[in-house]
Amino acid sequence: MTTDSTDTAETDSTGTGGARTGSAGTGSDGTRPTAASPTGTDAAGIPAEQLRRLAVDALTAARDRTALLTSCVDDHDLTAQHSPLMSPLVWDLAHIGNQEEQWLLRTVAGRAAIRPEIDSVYDAFEHPRSVRPTLPLLAPAEARAYASDVRGRVLDVIERTPLHGAPLLDAGFAFGMIAQHEQQHDETMLITHQLRRGPAALTAPPPPAGDTAGLPAEVLVPAGPFTMGTSTEPWALDNERPAHQRLVPAFFIDTVPVTNGAYLHFIEDGGYTDERWWAPEGWAQIREHGIGAPLFWRREGGQWLRRRFGVVEPVPPAEPVLHVSWYEADAYARWAGRRLPSEEEWEKAARHDPVSGRSLRHPWGDEDATPERANLGQRHLQPAPAGSYPQGASPLGVRQLIGDVWEWTSSDFLPYPGFAAFPYREYSEVFFGSAHKVLRGGSFAVDPVACRGTFRNWDLPVRRQIFSGFRTARTAPADRTAAARSAGES
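### Comments concerning the layout of surface pockets
- The computed volume of the largest pocket comes to approximately 870 Å³.
- By residue class, the composition of the lining of the largest pocket is 14 nonpolar, 10 polar and 10 charged.

### Digging into the pattern of salt bridges
- Throughout the structure, instances matching the rule amount to 37 salt bridges.
- Linking Arg 440 and Glu 343 is a salt bridge whose minimum nitrogen-to-oxygen distance equals 3.1 Å. Of this pair, Arg 440 sits in strand β9 (residues 433-440) while Glu 343 sits in helix α9 (residues 343-351); the two residues are 97 residues apart in sequence, bridging distant segments of the chain.
- Given the relative accessible area of 0%, Arg 440 is considered buried.
- The class for Glu 343 is buried, based on a relative accessible area of 4%.

### Overview of the packing of aromatic side chains
- According to the stated counting rule, one finds 25 aromatic pairs in the structure shown.
- Ring geometry for Phe 266 against Tyr 332: centres 5.8 Å apart, planes inclined by 75°, an arrangement best described as edge-to-face. With Phe 266 in helix α6 (residues 260-268) and Tyr 332 in helix α8 (residues 326-335), this pair connects stretches of sequence that are 66 residues apart.
- Since its relative accessible area comes to 0%, Phe 266 is described here as buried.
- Relative to Trp 458, the ring of Phe 431 has its centre 5.6 Å away and its plane inclined at 45°; by these criteria the two rings are tilted. Of this pair, Phe 431 sits in the loop between β8 (406-413) and β9 while Trp 458 sits in strand β10 (residues 456-459); the two residues are 27 residues apart in sequence, bridging distant segments of the chain.

### Brief notes about empty space enclosed by the protein
- In total, this model carries 6 cavities of 30 Å³ or more according to the counting rule given.
- In this structure, the largest cavity encloses a volume near 110 Å³.
- Along its surface, the largest cavity is lined by 14 residues, and Arg 306, Arg 307, Arg 308, Leu 322 and His 323 are the ones closest to its centre.
- In the lining of the largest cavity, the residues fall into 8 nonpolar, 3 polar and 3 charged.

### As for the environment of Glu 300
- Its place among the elements puts Glu 300 in strand β5 (residues 297-300).
- Once the C-alpha coordinates of Glu 300 and Pro 314 are considered, the two residues, 14 residues apart in sequence, prove to be 9.8 Å apart.
- A distance of 3.0 Å separates a polar atom in the side chain of Glu 300 from a polar atom in the side chain of Arg 298.

So, how was this worked out
- Residues numbered from 1 in each chain as written.
- Predicted model: local features only at pLDDT ≥ 70, side-chain atom pairs only at ≥ 80, totals over all residues.
- Heavy atoms only, no water.
- 1 Å grid on protein atoms, 1.4 Å probe; cavity = no way out; pocket = protein on both sides within 12 Å on 5 of 7 lines; lining within 4 Å.
- Points joined across faces, edges and corners; volume = space filled by probe spheres on them.
- Nonpolar A, V, L, I, M, F, W, Y, C, P; charged D, E, K, R; others polar.
- Salt bridge = Lys/Arg side-chain N within 4 Å of Asp/Glu carboxyl O.
- Helix = DSSP H or I, 4+ residues; strand = E, 2+ residues; numbered from the N terminus.
- Buried < 20%, exposed > 50% of the residue type's maximum accessible area, 1.4 Å probe, protein only.
- Phe/Tyr/Trp six-rings, centres within 6.5 Å; stacked < 30°, edge-to-face > 60°.
- Polar contact = N/O pair within 3.5 Å; in protein donor to acceptor, adjacent residues only side chain to side chain.

Read these as layout, nothing more, since geometry by itself doesn't imply function.
Below you can see the structure in the form of structure tokens.
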């Protein structure tokens, strides 16, 4: 049976919630940022002043969130390491400022370094999270002052810099990249808050009510080609590029993510004690560490409880299940007679519009995320009940594909055809391979600037402290595939 703690076997990684923006100088393998630019950008149609406002707004929203996450606890909590899987909060705070300085002040603006002596301290590739408390970190007040100083200078750079003419400048890409980096670290820090012991330091209103009544259990996604990835999203990162065609056989996918209530059936049916459902590595993991439920759950007084940001409460059956590893998601899917969707299946379910044949930016269309469409931005510190956000449904009727929980897929993290590393190899390329599994869709902890229908996340399959859940899929029988094809041709 799992205890209310982290899994000590999980090793340090730059996976989900661990933002991956590296030094703008020489990389950890001696390489320099690549010269390749995102191709096919549509930035030419966006006026420069509008781009500047977008960049300032994105950076300001990120800093407001960072300030909240680092001001709600005292200096002891900021400097403590609440889990060897995570950095002290004060490391994240100064790292955010250091990356902003390196990329926007030194690389974009060509200015002299403010604090070159701390670059190695805040290099995520040089120091794994487990050892960061031993480094000569800036004290909380000094870290805040440093990040604030950098930001003041960056705002001046935005006003003076042309947003075209160089790969990092086109469409304000560098500014968008840094805003996404800070928001990803805000998610990282929220994970640290969840791991932190002690009274609640964060509060938020509950998400809107949801209801699955009248919704089908699954949705048929017809066979056929669709455009995966993007070549036009101005701030898309290198692993989302380029847009390319994929031919996907027909499949069924859950209308909503798997809920706590559904997952409890798996537990009560002995799912954690039946080796049939588990990949060998997953079975070894749960046996070695006595795992028998999602992280932060415990059985007490005849009911299941969970700890959520310092509050112990009954497990809500209608919410999507949270804090499960890829192995747990895969085992549940096998137990249910289904499987995890592949990454291309997930994206087709989220973006493909069968009427127009287009791939949309988001499930609901090309418009930006709003509070009515998705649970994003840490507005609610938990997933919304299954069936929520009908305005955010995909053209085929799949719900909650954006926000709420990161969704594990069956796919390894691999490059798309035509991939080009930009602006440096260590963001994505060094992680390609079978060691990491892809997650899609974002979570309640993710800001809209770092969440879209093409956004790809990845992590080790043992990860459980992240805000991860899943939905299941199955291959459509041949007769349903033919019927769907005929319907599309009529």
